[in-house]
Amino acid sequence: MKAFAYFPGCSLEKMALSYHQSALESARRLDLEFRELDDWNCCGTTAYFAIDQLLSNTLSARNLALAEKLELDMVAPCAGCYKNAYFTNVYLKHDADLAEHINEALKEDDLHYSGTIQVYHLLEVFANDVGVEEIKKRVAQSLNGLKVAPYYGCQIVRPRKDHEEVEDPRYFEDLLSATGATPVNYQLKTRCCGGSLLITSRKAAFSMARNLLQNAVDNGAQVIATACPMCQVNLECYQQQINQEFGAKFNMPILYFTQLLGLALGAAPKELGFGSELVSAASVLSQIQKKEAGK
Amino acid sequence: METRPSFYDEISNMMYATHGEPISTCIQCGTCSGTCPVVEFMDNTPRDLIGMIRADLKDEVLASNTYWYCASCFHCNVRCPARIDIADMMYTLKRYSIWRNQYPAGVLGPTFAETFVKMILSGGRSYEPVLAPAYIFSYGMQGFLNEALTATGLILKGRVPVLPPRIKRLENFRRMVGHVVPVSNLVGETE
Amino acid sequence: MSEKVGVYICHCGSNIAGVVDVEAASKWAGELPDVTVARDYKFMCSSLGQELIENDIKEQGLTRVVVAACSPHLHEATFRNACKRAGLNPFLFEMASIREQVSWVTSDKAVALEKSKALISGAVQRVIHNQPLEPIIVDINPNVLVVGGGITGIQAALEIADAGYHVYLVEREPSIGGHMAQFDKTFPTLDCSACILTPKMFSAGTHPNITLLTWSEVEKVDGFVGNFTVKIRQKARKVKTELCTGCGICEQKCPKKVVDNVFEAGMGYRKAVYTPFPQAVPKYPVMDVQNCTFFQKGTCKACEKFCPTGAIDFKQEDTFVNVNVGNIILATGFDLFDARRIPHYGYGRLANVYNSLEFERLSNSAGPTGGKIILRDGVTVPQSVGILHCVGSRDKNYNPYCSSFCCMQSLKFAHLVKEKTGAQVYNFYIDIRTPLKAYDEFYQHILEADETRFVRGKVAEVTDAARLPGEEGKLIIQVEDTLIGKQRRIPVDMVILSSAIEPRHDSKEVAKLFGIGCSADNWFIERHPKLDPVATMTEGIFIAGVCQGPKDIPQSVVQGAAAAARVIGLINQKQVSLEPVRASVNAEQCSGCRICNNMCPFGAIAFLADRAVSEINPALCQGCGTCVVACPAGAISGSHFTNTQIMSQIEGILMVGLGQLAVPSAEAAPVAR
C-alpha cells in the first residue's frame, strides 16, 4: 500500500470537488493511501508570482514542511499547486541561503523544511507509479473505446524538469488506453487553456479555450479529460459564453481523468462526483453503459 | 557622476531567481512569439518586448499590455534556443509595474493579483466570491450578466464555497508571511 | 664542477614588466649560486634578445640557460634553437613562465616579484641537473592512410597519390563518394553534384597509387608518426571481387527489397545484394546479410544462380589487413541531425515533412522519384513549400553551433523547388549567412528572380491542426514574422527542414582509436583553430573536412588539400625528429610486477619474460610519464623529467618561499617517496 501526502489545493474543496472525490476513490481502488496534509494553505497559484516570488515559495514551503512531517512524498491533483510545490522544492534543495531564510519564516508555525521529500502530480502517480499494467489488471468496467481527448494542459508538462519529453508526452494516452478508452490524436494537448486570463483577459482566454474545444471536436473526441481544476473550469463552465462569442455549438463534456479512471475501476458515478457538471456528461455515461449492455 | 541603473539593468537584475540565460543573449529569432498562445491579444510580441527592454524603452514597455496578458504557460521557455526564462521576465515586469505603479490602463491583472494575495492572507485559502468584485464591474453590462449567469449555474451545482475558509493556524501563517512581506501594508503602497 | 647558468628575464613590453619588477628580479638572480650572468630585456624572443643569449654562451662559456618569460608552449622552441645555434645542447635550457603564471594572474606587484623569484629559482635549480639529449630521428614511411572516402578524403588521396606516394583510402560504406554523392545540385553554381564528384571518384578508383579499401573499417592503430601500423577490417561483401565484373545481374535478380536508409535517406529501396548507386566506385556489390533471404531463412540464392562469373560467395568471411603508413588523415564527415528530436516540427509524424537529405534524393534525377518533387503519396505536386532554417542548429536545446552551409542549402532548395514545381516557396530564417565567394550574389538572385517569400522568424511549430479557413488538409507553419512583429500561420503542402549536421555518432570512439581529441560538441580537435586547422595534437594524425567542424564543399576540399600538402611535406623530409623525452626502466630495480605494462597508453612497454623485467621501447614511448609514477619500486625514470630534476625544481621554489636563498647541492638532494 503506497502512501502519499495529499495536497488537495483550494479548488478541490468546492469548485473541483468531483476531482477530489474521484481522486480519492480511484486511489482507494488502486491500493494507494492519500493522507491529506493537516491545515494546508493555498499555494498562491500564478497570482503570487505577480507580487513576489519569495512569497509564493514561502507558501509552498509550508505545505512541503507539512508533508515532511508525514514523512511521505507529496501528490497534488492541481497542476498549478504541483508546479509551485515542485519547483519550490527544487530551489530550496539547491539554495541553502534561500532555505535558511524560509526556515526562519516557517519557525512561526513550528515547521521546518529539510528537503526530504519529492513532489508528484496525480497524473504521473497513476500513470507511472501505479503503472499501466497494474491499472489494466484492475479494470472492472472497460471504457470500451470511448473517444477521449487527453488534455495535459501546461503546468504539469512545463517548465521542463529534467530531460523529459515536453512537446509530445504520452503517459496520459497510455493511462487512458489502459482503461479501455481510445485516446484521440489531440494536437493541442499541451496548449494553455488561459488559466487566470479567464478573469483578467477574458477574450484571450475564450479564444484559447475555443481552439482547444474545436481541436477536440475535429479529432472526434466525445469527452476531454483534464488533470487540472483551472483547465476544467475554463473549458467547461464557459462553453455557453464561448458559443455566443464565436457562434459555435460546443457541447463537450469536460471530466477529470480520475472520474474516467474511477468508472473503469468499477466505481459508481455518484462516488466520482458526477452530477456537478455544467455541460452534462450523460452522453459519456451512456456510451460506457451502452457498451456494457452490448458485452 | 552618478549613474542610475538603466531599465534594462533593473529588469535583468530582478530576474535573479531565473535559471535561464540573461536576456542579453536573445538573438531575436521569434520562436517565443511564434509559440505564444496569447500573442494575438498582445500589444507587442514577447520578442519585441525583449528588444524594447534592451533599448531601455521603459515607458513603452510598461505601457504595453503584453506582460499582463502572459498566461505563464512556459511554452516559450522550453522552446527558446537561447534558453532564456521568458515567463520569468514577464513576471518580473508584472512585479516591477506594480512596484512602480505604472501599467496600461484597463488591465485587470494588478488588481486581481493584489486582491488574491489579500484573500489568501485573510483565510489561508481561496474564496472565489471575494474575488468577483475585483473584476466583474469592468466587464461591461453584457459581461457582468454572463458572469452572473455562469456563477449562478456553478452555485446551483454546489461548486462555489458559501463560507470563507479559515485555516486553523492562521495567525502563525500570517506571521510567517510577515517575514517576507509586511502583512499590514502588503500591496498598493508604492513610493 | 658547478655549472654556469645564464638567466634572462623578459619584459615582454609591459605585459610582464608592468607587474613584475624585472630589474630587481634580474639583480637578485645574478646573486644566486651558479648563476654567471643575469640580464633583463624588453623582448627576449626578438632576434636581439636571442643574440644576447647566443653571445653570452659563446663569450661567457655558459653551460645552462634559463629564460623567464611567457610560456614554453609559445617560445620553448625559439630559445632552444638559440642555444643550439650557439653550440649549446637545446635540452640544457629551461623556461620559467612569469607571464601566464604571474603577471597575467595578479596585479599585486609585491606578490608578483616573490613568485617570479620562486619560479626563477626553481628553473635554475632544475636546469643544473638537465642532461644533454639528442632528438630521436625516425624514418617516415611514405605511405599514407586516408580514413573516409567522401569528397575531402578523395581530394586528399588524389593529391598525395599524384605527388607519387601511396595512399590507402578506407571507407566504411560500399562505395566512396560520401554525402556529396547524395546531393542534387551544389551551390552557388548549381553544378550537378554527382557530375563534379564522379570524375574524382573514378580517378581515385583507378589511380595506381591509391588502394581502395571500401566496406572496411579501421580496427587498431599502433605506432607513432612516420611509423604507424594500422589493422583494417575488410567486411565480407560475400562477392569475390577478383571475379566480379560489376554487371549488376545479382542485384536485378535479388527478390528482396529493403528500404535504403543510407544512400536514399529512406526515400527509396535497394536490394539485399546491392551497389549503393549506379556510379559506385568500386563497382562491386555488397550483401546485406541482415536482410538476405538466404542468411535469414536458408533459401533463395538467386544471385549465385545467375552470376555469370560465379563471384557470389556466401561463405566469405571478414578479412584483416595490416598496413604500414607514416601519416594518417581523418576525413570522416558528418551525420545529419535527427529531426524527430524536435516533435513540434512533425518530422516522422506528419507525412510531408522532409529533412534535407530526403529532399536532395527527391530532387535528384537519379533518385527514387526520378527527380520529381512530389509528396509522400507519390503523386501530388506541392503548390506551396516551406523551408525551415536552423533546425537543431544555434539552439541550446540541441546544438549550439551554426551548421555553416544550411542557409545556402536552403536558398538552393528554394530555387530547385521553384524551378521544378512553380510552387510558392517560403524560407523561414533567423539570419541569412552567405559569406563566401558568389554566395551573397546567389541570395540576391533568389530574391530577385524566384518570388520566394522570406520570413524572418524561427518556426515555432509545424502542425496539421487546422484552425482558420484555408488550413484544412495542409501543414500549417506557425511563426512570428519578426520584421512586422506578428504571429503568422502559413499553410503549405510540404515542409523541408534544413537540419543541423552533427559529428558522426561514433566520433568519440574513432578519436580514441587514433589518439586525438574531440571538442565539447564532439568534432575532432585541431591543433590551433586559427593557424593550424588540419593538424592535431598528435604528430602524424591530421583531420580535414566536416569532421573538424561544419563547413561546405569548397572549404572541405581546401582542408583535404591542406592536409595532403602537410603530409607530402613531411614525407619529403624523409625523417622526422622526435622529442627525446622518454622513459626508461632501471632493470636492477625492476621487480617484474608489470603494473606499468598496461598503463602505457602507447603500448610501448614490453615484458622480457626471460629476464623478468619490463623494457620500454624508446621509439613508441611518448614521454607522458604515467609509468614513471605508477612504478611502485621507482624503477622508471623519464629523461628530461628525472626525479632529481623535478625535486630540485620544487626545492628551488620552496627555498624562496621559505626565505632561504642558499640551496643544497645536487648530491645532497634525496629522492623522497
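Calculation criteria
- Starting from 1, residues in each chain are numbered consecutively following that chain's sequence as written.
- Chain A is the first chain written and ligand 1 is the first ligand written, with later ones labelled in order.
- Where local features are concerned, this predicted model is filtered to residues with pLDDT of at least 70; where side-chain atom pairs are given and counted, the filter is 80 or more; whole-chain, interface and lining totals use all residues.
- Helix numbering and strand numbering both begin at the N terminus, where a helix is a DSSP run of H or I of at least 4 residues and a strand a DSSP run of E of at least 2.
- When we talk radius of gyration, it's over C-alpha atoms, and the globule rule is simply 2.2 Å times the number of residues to the 0.38.
- Here, residue contact means that the backbone-derived C-beta atoms of the two residues sit within 7 Å.
- The domain limits used here are those given by an automatic or database domain assignment.
- Ten residue types, Ala, Val, Leu, Ile, Met, Phe, Trp, Tyr, Cys and Pro, are classed as nonpolar, four, Asp, Glu, Lys and Arg, as charged, and the remainder, Gly among them, as polar.
- Neighbour counting defines burial: a residue surrounded by 20 or more other C-beta atoms within 10 Å of its own C-beta is buried, one with 12 or fewer is exposed, and intermediate counts give partly exposed, using backbone-placed C-beta atoms.
- Paired strands, in this sense, are two strands between which DSSP finds at least two bridges.
- When the strands point away from the viewer and the path from the first strand over the helix to the second turns clockwise, the crossover is right-handed.
- pLDDT measures how confident the predictor is about each residue, on a scale from 0 to 100.

Scanning chain A from terminus to terminus reveals 13 helices and eight strands. Its C-alpha radius of gyration of 19 Å places chain A within 12% of the 19 Å reference for a compact globule of 295 residues. For the C-alpha atoms alone, the extent of chain A along its principal axes is close to 60 × 45 × 35 Å. Long-range pairs, those at least 24 residues apart, make up 80% of the contacts in chain A with a sequence separation of at least 6.

Let's shift gears to the domain arrangement of chain A. Residues and elements named next belong to chain A. Per the domain assignment, the segments of chain A are domain 1 (2–122) and domain 2 (132–294). For domain 1 versus domain 2, the distance between C-alpha centres works out to 24 Å. Those elements that place two or more of their residues in the side of domain 1 that touches domain 2 are helix 1 (17–29) and helix 3 (79–94). By residue class, the composition of the side of domain 1 that touches domain 2 is 13 nonpolar, eight polar and three charged.

In this section: the interface of chain C and chain A. Taken together, the contact between chain C and chain A spans six residues of the former and six residues of the latter. Broken down by class, the residue content of the side of chain C that touches chain A amounts to two nonpolar, two polar and two charged.

Looking now at the interface of chain A and chain B. Often the size quoted for an interface is simply the accessible area lost on bringing the parts together. Between chain A and chain B, the contact holds 48 residues from the first and 50 residues from the second. Listing elements by their share of the side of chain A that touches chain B, those giving two or more residues are helix 2 (53–70), helix 4 (96–106), helix 8 (197–200) and helix 9 (202–218) of chain A. It is helix 2 of chain A that contributes the most residues to the side of chain A that touches chain B, five residues altogether.

Before going further, it helps to spend a moment on the pairing of strand 22 (residues 424–429) of chain C. Residue and element names in this part refer to chain C. The buried count for strand 22 comes to five of six residues, which makes it a mostly enclosed element. Where strand 21 (residues 384–391) lies against strand 22, five bridges are found, and the strand directions are parallel. Residue pairing across strands places Val-385 opposite Val-425, the latter belonging to strand 22. At this point the chain moves from strand 21, through helix 12 (residues 406–421), to the parallel strand 22, and the crossover so formed is right-handed. The pairing of strand 22 with strand 23 (residues 453–456) spans four bridges and is parallel. Considered in strand 23, the bridge of Asn-427 is made with Phe-454.

Residue and element names in this part refer to chain C. Confidence along chain C averages 94 in pLDDT terms, with 98% of residues attaining 70 or more. Taken together, the stretch residues 661–673 has pLDDT below 50 and engages in 19 contacts with residues farther than four places along the chain or on a different chain. Interface scoring of the predicted complex returns ipTM 0.92; its pTM is 0.89.

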